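Take a look at the letters that make up each chain.
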Amino acid sequence: MKNTLLAIIFLCVQFAFSQPDSLFIKTPKPKDELKELRPEWKQINKATFDLSEVAFVNWNAGGSNSISGLVGIRSEANYKDKYFFWNNNISARYGINKQESREVRKTDDLFEMNSNIGYKPDESSNWFYSARLNFKTQLTNGYKYPNTDDPISRFMAPGYLFFGGGMEYGKDIEELSFYFSPLTLKATFVFDEDLANAGSFGVTPAVLDVDGNVIIEGERTRQEVGILLTNSYKMQVVENVAMVHQVNLYTDYINNFGNVDLDWRVDFDFKVNSFMRATLGSHLKYDDDIKTSVPSDIEGEFDEAGAKIQWKQFLGIGFAIDF
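Residues numbered from 1 in each chain as written. Predicted model: local features only at pLDDT ≥ 70, side-chain atom pairs only at ≥ 80, totals over all residues. Heavy atoms only, no water.

Visitor: I'd like a description of the nonpolar core, backed by residues and values.
Guide: As a rule of thumb, nonpolar side chains are buried together in soluble globular proteins. Grouped together as the largest cluster of nonpolar side chains are eleven residues: Ala157, Tyr160, Phe162, Tyr179, Val190, Leu195, Ala196, Phe201, Val203, Leu228 and Tyr250. The contacts of Leu228, once residues within four sequence positions are left out, are Tyr179, Phe180, Ser181, Thr184, Leu249 and Tyr250. With nine residues, the next largest nonpolar core counts Phe178, Val247, Leu249 and Tyr286 among its residues. (Core = buried A, V, L, I, M, F, W, Y, C linked by side-chain atoms within 4.5 Å. Buried < 20%, exposed > 50% of the residue type's maximum accessible area, 1.4 Å probe, protein only. Contact = heavy atoms within 4.5 Å.)

Quick look at the structure:
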C-alpha cells in the first residue's frame, strides 16, 4: 500500500508542474481581464438537487422500486489582488435512498469548511507562501445497515481539522494548484462516549476491567503533526463538460511515518442548460486510523481487520441554482 501511495504522490507532482497547454480548451480572454488585476471580493452561492428513480409495473425480469435524492449547498467568499488571495467556502451535502420494503438509508452526509490564504512577494511569481484550514464532519448518525440501533458515526464523531502552512504553486490559482506543507496539524474529534470508548477513528480506547466495566474513558480527541500534499486541477474538457480533480495526501511524523492517508476526488459536471445538469463523481479514500471489522468465531462479536481502501461513485441528474 505504501508503494502505491508513493507512486500517486510522484504522479501528482508531475501532474502539477508539467501541465501541457493541450489539456486546456482555452478561450481568448477579454481585454479588460488582461489589465492589471484589481483587488476584489467575489461571492458565489449555489444550491443543487440531484434525483434518480426506477419503477417497475408487471416487469417480468423483476426489480425493486427505488428513489434517491441528494441536496447540496455551497457558499464561497474569495479575495484576490496582485499579491494576495484568500479563498473561503462552506458546503453541506445530504443524500438518501428509499427502496420498497426497506428503511430509508443515508447515501451522503458532509459538512465542510475551508479557508486558504496565500501571499507572493513578486508579482510575476507563481509561488505563494500559503496557509490552509480544513474542517469536516457529518450531520446525522451513520449506520451499518440493516442495523439502525447502533450508530457507527455521529455529528462530530468523527470530526477532522487540518491546519498548517507551506508553499503553494499555481500559474492560475483557481484552475491549477500544488500545495506542500511540511508542518500540518491533524486533529480527530470523537464526541460520542460509546465510539470514543471503542477507540473508533484512531482515538485511544477506554481501559476496561475484567468484567468489561470502564475504568478510564476513551479519549475524545487525537492530535497528529505531519506532512500534507495537495493537488487540485479544474479544466473544461469540452463545451458544457467540466472536470475537477483534487487529491490530498497526509502522513504523520510520529505514528507510522510513511503510511499515507489518501483522499482523492474526480468530478465531472455536464451542463444541459442554465439550470439542468448531470454529475458523475468518484471518491477514493484510505485512512489507516479507520479500521474495518469481520465477524468473529464467537457469535455476535467482531474482530478488527485493519484499514481498507474506501470508494464511492455517484451519478445523478438534477438542477443547480445560483443565488
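Visitor: Can you tell me about the sheet that holds strand S5 (residues 127-137), naming the residues and giving the values?
Guide: Ordered by their spatial adjacency, twelve strands build a closed barrel running S1-S2-S3-S4-S5-S6-S7-S10-S11-S12-S13-S16, and the pairing between neighbours is antiparallel. Strand after strand, the sheet turns through a mean of 20° between neighbouring axes, direction not considered. Sheet topology note: the strand S12 (residues 261-271)/strand S13 (residues 276-286) ladder contains ten bridges and is antiparallel. Paired with Phe268 across the bridge in S13 is Leu280. (Pairing = 2+ DSSP bridges. Helix = DSSP H or I, 4+ residues; strand = E, 2+ residues; numbered from the N terminus. Axes fitted to C-alpha atoms, helices over the stretch in contact; angles between N-to-C directions.)

Visitor: Tell me about the pattern of salt bridges, and name the residues and values.
Guide: Applying the stated criterion to the full structure yields 17 salt bridges. Of the charged contacts, one joins Glu103 and Arg105 as a salt bridge, the two residues approaching to 2.8 Å between their closest N and O atoms. Put simply, Asp192 and Arg154 hold a salt bridge, and the shortest N to O gap is 2.7 Å. You can see Asp192 sitting in the loop between strand S7 (176-189) and helix H2 (193-197) and its partner Arg154 sitting in the loop between S5 and strand S6 (159-169), a full 38 residues away along the chain. Assessed through its relative accessible area of 28%, Arg154 is described here as partly exposed. (Salt bridge = Lys/Arg side-chain N within 4 Å of Asp/Glu carboxyl O.)

Visitor: Hey, could you go over a negative patch on the surface for me, with residue numbers and the actual values?
Guide: Where like charges cluster on the molecular surface, the negative patch consists of Asp149, Asp150, Glu193, Asp194 and Glu217. Tracing the chain through its elements places Asp194 in helix H2. You can call Asp194 exposed: its relative accessible area is 59%. (Patch = residues over 30% accessible without salt bridge, like charges linked within 9 Å, V, L, I, M, F, W, Y side chains within 5 Å. Areas by Shrake-Rupley, 256 points an atom, 1.4 Å probe, with all protein chains shown as cover. Lys, Arg positive; Asp, Glu negative; His and termini not counted. Charge placed at Lys NZ, Arg CZ, Asp CG, Glu CD.)

Visitor: So what's going on with the confidence of the model for the protein chain? Which residues, and what values?
Guide: A low pLDDT means the predicted coordinates there should not be read in detail. For the protein chain, the average pLDDT comes to 86, and 85% of its residues sit at 70 or higher. Across residues 4-28 the pLDDT falls below 50, and counting only partners more than four positions away or on other chains, this stretch makes 34 contacts in the model. (pLDDT = per-residue confidence, 0-100.)

Visitor: Can you explain the environment of Thr251? Please cite residues and give values.
Guide: With respect to the secondary-structure elements, Thr251 resides in strand S11 (residues 241-252). Given the relative accessible area of 9%, Thr251 is considered buried. Through-space distance from the C-alpha of Thr251 to that of Glu224 is 9.1 Å; in sequence the pair is 27 residues apart. Not counting residues up to four positions away in its chain, the partners in contact with Thr251 are Gly226, Ile227, Asn256, Phe257, Gly258, Asn259 and Val260. Polar contacts involving the side chain of Thr251 include one to the main-chain amide nitrogen of Gly258, which spans 2.9 Å. (Polar contact = N/O pair within 3.5 Å; in protein donor to acceptor, adjacent residues only side chain to side chain.)

Visitor: Account for the pairing of S11, with residues named and values stated.
Guide: One ladder, built from twelve bridges, connects strand S10 (residues 221-238) with S11; its direction is antiparallel. Counted as the bridge partner of Tyr233 is His245 from S11. Where S10 folds back onto S11 in an antiparallel hairpin, the turn is made up of two residues, including Asn240, whose phi is positive at roughly 70°. Relative to S12, S11 runs antiparallel, the two sharing ten bridges. Bridging from a neighbouring strand, Val244 pairs with Asp267 of S12.

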